[in-house]
Amino acid sequence: MSTQSPTPDAAQQQRLARARDALQGVQARWGVTREAQQAPAVLPLSEGVAEVMPAGLTRGHVVRVQGSTSLMLALAAEGSKEGSWAAVIGMPAVGAVAAARRGMDLSRLVLVPQPGAQAAAAAGACVDGMDLILLGANLALSDGDRRRLAARAKERGCVILTSGRWPGAQTDLHVERTRWSGLGAGGGRLRKSEMTVAVTGRRQSGVRRVRVVLDRDDAWVSSSASATVREGAA
Amino acid sequence: MTAPVHAGSGAVSTTRRMVLWVPDWPVVAAMREAGLSPDVPAAVLHGRGITAVSAAARAAGVKRGSTKRVAQRLCPDLALLPYDEGRDSRTFESVAAAAEDVVAGVEISRPGLLMIPANGAARFHGSEEALAEALVGSVAQLSEHECLVGAADGLLAAVMAARSSVLVPPGQSQEFLARAGVQVLTLAAMERRQREAVENLVGVLTRLGIQTLAEFTALPLGDVLARFGQVGRWAHRVALGEDVRPPVLRRSEEDIAVSFEFEEPAQRVEQLAFVAEHVATQLDAALLEGGVRCGRVNISARTEHGDVLERVWRTDVGARSGAFAKHMTDRVRWQLEGWLSGTATGPEPAPICALTVTAQDVVALGDEQAYLWGGTSGADARAQRTVERMQSLLGADSVLSVREQGGRAPRDRMLTLPWGQEARTARKVEHPWPGRIPDPAPATVLPIAEPMEVLDAGGTPVSVGRRLTMSAPPTWVRLQAEPGKGPVAAARRHPASGHVGASPTWGQARPVEAWAGPWPVVERWWSEDSSRRAYVQITVRAEDEGSDLAVLAAFSEGQWWLEAVYD
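Residues numbered from 1 in each chain as written. Chains lettered and ligands numbered in written order. Predicted model: local features only at pLDDT ≥ 70, side-chain atom pairs only at ≥ 80, totals over all residues. Heavy atoms only, no water.

Visitor: So what exactly am I meant to see when it comes to the overall build of chain B here?
Guide: Scanning chain B for helices and strands turns up 15 helices and 19 strands. The buried share among the 567 residues of chain B stands at 45%. Of the contacts made within chain B by residues no fewer than 6 positions apart, 59% connect residues no fewer than 24 positions apart. Accessible area of chain B: about 29,300 Å², with a carbon and sulfur share of 52%. (Helix = DSSP H or I, 4+ residues; strand = E, 2+ residues; numbered from the N terminus. Buried < 20%, exposed > 50% of the residue type's maximum accessible area, 1.4 Å probe, protein only. Contact = heavy atoms within 4.5 Å. Areas by Shrake-Rupley, 256 points an atom, 1.4 Å probe, with all protein chains shown as cover.)

Structure (structure tokens):
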């Protein structure tokens, strides 16, 4: 554990740094400081959606995703592939095949389709034990429950992705526009969806709009780079 | 234990083994099951060719590999029996059990062929001759099958010795092999795929003019490897009389099971809590006594009506050695509660008369397989605990694990099970599934399809004919209004508005942007749950300007159903 240090001075420095770390951890945990000082751990994002949140999926944050289940799954995918456990609560209609295609590991995915009145308890249990939680739109959660869950998620380093209402979410993703291509009048099949996602955040002024392309079938479409469109304050 | 025998250039230790061979096992097993007498000419037919032939049929000229027509011409009263690998291995159990009466450990190399390490057993019985005699006698007496026994060093020599029923003296196996033709190499291949590869190899060798094993082994190993790859290398080693791997012995063990008979059938959940704990503790004690742990637990119960209910649950081997009894108590209790209350899918709820808990996948303590990269991680253990906590909160059936399985429609392609329960059957993903709805997979798959309306330009519902003709191109789509939104709320507020009973409240008709289909999926026409549908992918313009909503709709029995949404 302790490495042989060249001088007693260096050893002292090391111990001091360790003590500071411990103190900071305790302070963050008991809410003396609002956020831990050290750089927060981040779950990785897969390539297609990395531009939506360039900093990655920060542990302990709540991200609200409106208007697209695919986007939620795509955000969760890379983390799940890297070994995180994920729970899907209150989304009885989530497509497991789509989740697997986006890259989620189904062996580390737990579904709770109908938590009913126990939604807060189930979500609380998941916050303690899982890394990623996907919450559906129609859950029996009060605003107090949401606050408590968010606080616990911050403490435990768990990411909450929710499609329902969530006052105080760190990031708000709203899919404003979806265009599908590949279908014709009676022929073809769905091949590519293009979404315009409006990103608003607590730490950021104005709206940033990002184009996301999902399900691109390269065999058919000539590749086009997704572009970021910056717009002024809305 | 085993004396190393020097063979070829390098010193390789080979095991002295005795092989017990029942000739023509597939056909012998099939005849026994069909109740035919042994002198009836019979053959096992698989696909296009004959795979095994009985002695009487062989005398009539029927050969392995010949076609059904040729075989029947040679021997008109030939009994053709179906091919069934399961039957072969199942019935061979009796032979293995008979052999285990004589020796302690046997390896079933394939149905029809048993391998026994000979040294220890021969010492015990006095000599190899005595051991062979005991084996033949025991198999004939207990399982009533004729068998041949031979012994030699190394795999191929032993198999060949058994076929000619000789005991090759130690150290002479290489000479014994040298005279044999290259086609005997196929005898050492135990699996079908491996046998095919070896048959190819033998074919090439024969065409190259290499007829005997001595000629084959005279080739330099490097050249053989370069020309034939891994199969060649394997064949070279086997032909030299070397062993590729030592025999893997199986140990026959009784199932560890705990039963409980209720004095009077249990009807209430409270009666079960104590029984569950009792049974779980007993099972834990029995496992501990045997010095084993188990990977799966089978819970089965008999109801008053005589139905037998069965479920298999996975347990975490090793990770929770101390908590096993408590963990099992919960599992058994949840399962019984489910059966009693009838919430679990299955037959109608009935009082339970008897309960049996059986340990499966039994491994000796300390032999558990950990993950490739070390044991279970902390995060995995934490997540498992979380799942268990949720199961105790919500009930075992509300926390699900999900798997992909084969199927055509999006809903058929996922298999959800209560977390921890073993799946009985899953349709294989690798199978071709022609007519499958093409990718991308929809992110929202409705658990139960909702009615929807697909209308043509004039507002009449579109229909799909038996020959997959659409009555008109779809122009408008009406989905059900979301509950809580405008139209539904209005209808609920004013019963006079025409909304009666549970009939759906329709949202606004939306214009169709593009569509594709219809794609017919006609499944299981022979069974009760047959389905005949035509799927259509439609994109409709959403309320907000310029946005699409892509849906998968199905037409069946004169009605359109919303199956999935690509959102």
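Visitor: For this particular structure, what's the right way to read the interface of chain B and chain A?
Guide: The figure often quoted for interface size is the accessible area lost as the parts come together. At the interface, 49 residues of chain B touch 45 residues of chain A. Here chain B packs against chain A, burying approximately 3,900 Å² in sum over the two surfaces, 60% of which is carbon and sulfur. Counting every contact that joins chain B to chain A gives five salt bridges. Between D548 of chain B and R179 of chain A there is a salt bridge; the shortest N-O distance is 3.6 Å. Across the contact surface, chain B and chain A share 15 residue pairs in polar contact (both at pLDDT 80 or more). Contributions of two or more residues to the side of chain B that touches chain A are made by α14 (378-394), β12 (400-404), β13 (414-418), β14 (444-455), β16 (506-523), β17 (531-541) and β18 (548-556) of chain B. For the side of chain B that touches chain A, the element with the highest residue contribution is α14 of chain B, accounting for eleven residues. When grouped by side-chain class, the residues that make up the side of chain B that touches chain A number 26 nonpolar, eleven polar and twelve charged. Pairing analysis gives two bridges linking strand β9 (residues 185-186) of chain A to β16 of chain B, with the strands arranged parallel. (Buried area = accessible area lost by both parts, 1.4 Å probe. Salt bridge = Lys/Arg side-chain N within 4 Å of Asp/Glu carboxyl O. Polar contact = N/O pair within 3.5 Å; in protein donor to acceptor, adjacent residues only side chain to side chain. Nonpolar A, V, L, I, M, F, W, Y, C, P; charged D, E, K, R; others polar. Pairing = 2+ DSSP bridges.)

Visitor: Any chance you could explain the packing of aromatic side chains here in plain terms?
Guide: Evaluation of the coordinates by the stated rule reveals six aromatic pairs over all chains. An angle of 75 degrees between the planes, with centres 5.2 Å apart, marks the rings of F260 of chain B and F262 of chain B as edge-to-face. Classification of F260 of chain B as partly exposed rests on a relative accessible area of 22%. For F262 of chain B, a relative accessible area of 12% corresponds to the buried category. Between the aromatic rings of W525 of chain B and W526 of chain B, the centroid separation amounts to 5.5 Å while the plane-to-plane angle is 90 degrees, which identifies the pairing as edge-to-face. The exposure classification of W525 of chain B matches that of W526 of chain B, with both residues exposed. Cation over ring: R146 of chain A sits above W166 of chain A, and NZ or CZ is 6.0 Å from the ring centre. (Phe/Tyr/Trp six-rings, centres within 6.5 Å; stacked < 30°, edge-to-face > 60°. Lys NZ or Arg CZ within 6 Å of the ring centre and 35° of its normal.)

Visitor: Please clarify how the nonpolar core should be interpreted in this entry.
Guide: As a rule of thumb, soluble globular proteins bury nonpolar side chains together. Counting 45 residues, the largest nonpolar core has V49, V52, L57, L161, L173 and V197 of chain A as its most contacted members. Broken down by element, the residue count for this core peaks at seven residues, all from helix α2 (residues 69-81) of chain A. There are two domains that each give this core at least three residues, and those are domain 1 (42-172) and domain 2 (173-230) of chain A. When residues no more than four places from it in sequence are discounted, the contact partners of L161 of chain A are L57, V63, M72, L75, A76, L132, I133, L134 and L135 of chain A. Listed in part, the 37 residues of the second largest apolar core include V159, A180, V182 and V224 of chain B. (Core = buried A, V, L, I, M, F, W, Y, C linked by side-chain atoms within 4.5 Å. Domains from an automatic or database assignment.)

Visitor: Explain the packing of helix α4 (residues 119-129) of chain A against helix α5 (residues 143-156) of chain A here, please?
Guide: Packed helices, taken two at a time, are described by their axes: the angle between them and the distance between them. All names here are of chain A. It is at 9 Å that the axes of α4 and α5 come closest, and there the two elements cross at 10 degrees. Judged by the angle between their axes, α4 and α5 are roughly parallel. Residues A120, A123, G124, V127 and D128 of α4 form the contact with α5, whose own contacting residues are D145, L149, R152, A153 and R156. (Axes fitted to C-alpha atoms, helices over the stretch in contact; angles between N-to-C directions. Parallel < 35°, antiparallel > 145°, perpendicular 65-115°, else oblique.)

Visitor: What am I meant to see in the packing of helix α5 (residues 118-125) of chain B against helix α6 (residues 128-142) of chain B here?
Guide: Residues and elements named next belong to chain B. Between α5 and α6, whose axes approach to 7 Å, the crossing angle comes to 90 degrees. What the angle tells us is that α5 and α6 run roughly perpendicular. For the pair α5 and α6, the contacting residues are A118, A121, A122 and H125 in the first and E128, A130, L131 and A134 in the second. A class-by-class count of the residues in the contact of α5 with α6 yields six nonpolar, one polar and one charged.

Visitor: Help me out: how do you make sense of the side chain of R510 of chain B in this one?
Guide: Mapped onto the secondary structure, R510 of chain B falls in strand β16. Here R510 of chain B is in contact with T475, W476, V477, L479, V540, R541, A542, E543 and L549 of chain B, once residues within four sequence places are set aside.

Visitor: I tried to follow the pairing of strand β5 (residues 109-112) of chain A on my own but got confused; where do I start?
Guide: Along a regular strand, successive side chains alternate from one face of the sheet to the other. Judged by which residues are buried, β5 of chain A turns out to be covered on both faces: L109 and L111 of chain A on one side and V110 and V112 of chain A on the other are all buried. As for the winding sense of the linkage, the β-α-β connection from strand β4 (residues 86-89) of chain A through helix α3 (residues 96-102) of chain A to β5 of chain A is right-handed. Where β5 of chain A lies against β12 of chain B, two bridges are found, and the strand directions are antiparallel. Among the inter-strand pairings, V110 of chain A is bridged to a residue of β12 of chain B, identified as S401 of chain B. (Right-handed = clockwise from strand over helix to strand, strands pointing away.)

Visitor: Honestly, the sheet that holds strand β8 (residues 256-266) of chain B in this entry has me stumped. Any pointers?
Guide: Backbone-to-backbone hydrogen bonds join strands into a sheet, with any given pair of strands oriented parallel or antiparallel. Residues and elements named next belong to chain B. Pairing is antiparallel across the open sheet formed by four strands, whose spatial order is β8-β11-β9-β10. In this open sheet, the two edge strands, each paired with only one partner strand, are β8 and β10 (308-314). Sheet twist, expressed as the average angle between the axes of neighbouring strands with direction ignored, equals 15 degrees. Across the face of the sheet, helix α12 (residues 269-290) comes into contact with β8, β9 (292-303) and β11 (352-364) while running at roughly 160 degrees to β8. Contacts from helix α13 (residues 324-341) reach β8, β9, β10 and β11, with the element oriented near 25 degrees to β9.

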